[in-house]
Amino acid sequence: MILIRYKRVTSTNDKARVLAEDGAREWTVVVSEVQTQGRGRSGKKWQSHKGGLWFSVILRPKISSGRVAVLQFFASNATRKAIMEETGLETETKWPNDVIFETRKIAGILVESKSQDNQLSFIIVGIGLNVNQSKSTLPVGATSIYATSREKHNVEQLMTRIVENMKSDYALLKTPNRILKNWWTDCIHRSKNVEIQTTNGIRNGISRGIEADGSLLIKQNGRTEHIMEGTLIVWKEQNPPQSNFRAKS
Ligand code: BTN
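Rules used in this analysis
- Residues numbered from 1 in each chain as written.
- Predicted model: local features only at pLDDT ≥ 70, side-chain atom pairs only at ≥ 80, totals over all residues.
- Heavy atoms only, no water.
- Helix = DSSP H or I, 4+ residues; strand = E, 2+ residues; numbered from the N terminus.
- Rg over C-alpha atoms; globule rule 2.2 N^0.38 Å.
- Buried < 20%, exposed > 50% of the residue type's maximum accessible area, 1.4 Å probe, protein only.
- Contact = heavy atoms within 4.5 Å.
- Lys, Arg positive; Asp, Glu negative; His and termini not counted.
- Charge placed at Lys NZ, Arg CZ, Asp CG, Glu CD.
- Phe/Tyr/Trp six-rings, centres within 6.5 Å; stacked < 30°, edge-to-face > 60°.
- Lys NZ or Arg CZ within 6 Å of the ring centre and 35° of its normal.
- Pairing = 2+ DSSP bridges.
- Axes fitted to C-alpha atoms, helices over the stretch in contact; angles between N-to-C directions.
- 1 Å grid on protein atoms, 1.4 Å probe; cavity = no way out; pocket = protein on both sides within 12 Å on 5 of 7 lines; lining within 4 Å.
- Points joined across faces, edges and corners; volume = space filled by probe spheres on them.
- Nonpolar A, V, L, I, M, F, W, Y, C, P; charged D, E, K, R; others polar.

Asker: Help me understand the overall build of the chain, please; the structure alone is not making it clear to me.
Answerer: A count of helical and extended segments in the chain gives five helices and 14 strands. The C-alpha radius of gyration of the chain comes to 17 Å, within 12% of the 18 Å expected for a compact globule of 249 residues. Expressed along its principal axes, the backbone C-alpha trace of the chain runs to roughly 50 × 45 × 35 Å. When burial is assessed residue by residue, the chain has 51% of its 249 residues classed as buried. Pairs at least 24 residues apart make up 65% of the contacts formed inside the chain by residues separated by at least 6 positions. Of the side-chain charges in the chain, 37 are positive and 24 negative, and the distance between the mean point of each set is 2 Å.

This is the structure in structure tokens:
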């Protein structure tokens, strides 16, 4: 691992992208104490104060560009395992890119990539994990390791563990069934009634699985539908998981 540390950046994904364009090696990692323009899925802002773990990993796996979405499941698995190993906390996954503790979001993954002539040039795996922030500084619906356990943790040690776990699973990216299966086994909405807000309206059904293209399978009235994007709510849940998202300004 080649580690590049910053105190303050716009987004570690932006820094990693510039490095990747310049030919940076696989497993180059960019970490920053603060992000001024941290971002999440669908262009949302990701609140990134001091005390959290904000980092991005450059990867160049030999997979087809249609499989890039697997990286979000791969990174979620590595993050959850590291949280368990370092803190003993058991977390769950939520489609498409969330790590949840009880009903609150504790981590999120943002995968970005570049392809040229149908060939994948690089993938940036951006991971945000709420570590030492106190509850009062977290957005509604989010939690941190500290807010949950009252214990402070070394953010770099957590990061190293996550990267090590990614390295152990790296070979699985070629035939990702195990990655999908591990993700699904600890999914908060496995076989549950869900509602998904998509750009084409609301979909309801029982969530049945995920696929290597990143889609969620839901079943309703005997029909299976592949959902490619959206925000998922587990039905009848009192406090739907939210995140470090802030309304767009
Ligand atoms: C999400 O839940 O939608 C994804 C959040 C990803 C946040 C991380 S923090 C490090 C990296 N840099 C960013 O700007 N975003 C990701």
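Asker: Would you mind showing me how to read the packing of aromatic side chains here?
Answerer: Centre-to-centre distance and the angle between the planes together describe a pair of aromatic rings. Enumeration over the complete set of coordinates arrives at three aromatic pairs. Arranged with centres 5.4 Å apart and planes meeting at 65°, the rings of W27 and Y170 form a pair that is edge-to-face. Here the residue W27 occupies a position in the loop between α1 (12–21) and β2 (28–35), and Y170 occupies one in the loop between α4 (155–169) and α5 (177–185), the gap between them amounting to 143 residues. W27 sits in the buried class, given a relative accessible area of 11%. Just above the ring of Y146 sits the side chain of R150; from NZ or CZ to the centre is 5.1 Å. Over the ring of Y146 we find K152, and its NZ or CZ is 4.6 Å from the ring centre.

Asker: What's the story with unusual backbone geometry in this structure? I'm lost.
Answerer: In the segment running from W95 into P96, the intervening peptide bond is cis, with an omega of 0°. Tracing the backbone through its elements, the reader meets P96 in the loop between β5 (92–94) and β6 (98–101). A positive phi is found at N118, a non-glycine position, where the angle reads about 70°. Mapped onto the fold, N118 is located in the loop between β7 (104–116) and β8 (119–129). On the basis of relative accessible area, N118 is assigned to the exposed category, the value being 69%.

Asker: What am I meant to see in the sheet that holds β2 here?
Answerer: If you trace the seven strands from one edge of the open sheet to the other, you get β1-β2-β4-β8-β7-β6-β5, paired in mixed fashion. This sheet does not close on itself; its edge strands, each paired only once, are β1 (2–9) and β5. For this sheet, the mean angle separating the axes of adjacent strands, direction not counted, is 20°. Sheet topology note: the strand β4 (residues 53–59)/β8 ladder contains seven bridges and is antiparallel.

Asker: Even after reading the chapter, I still don't get the environment of R8, so can you show me in this structure?
Answerer: With respect to the helices and strands, the residue R8 is situated in strand β1. Overall, the relative accessible area of 60% leaves R8 in the exposed class. Those residues in contact with R8, other than ones at most four positions away along the chain, are S32, V34 and T36.

Asker: Would you explain empty space enclosed by the protein in this entry?
Answerer: If a probe the size of a water molecule is rolled over the atoms, the empty space left behind becomes visible. If you walk through the whole model with that rule in mind, you get one cavity of 30 Å³ or more. Its volume calculated, the largest cavity comes out at about 170 Å³. It is β7 that contributes the most residues to the lining of the largest cavity, four residues altogether. Tallied by class, the residues present in the lining of the largest cavity amount to seven nonpolar, ten polar and three charged.

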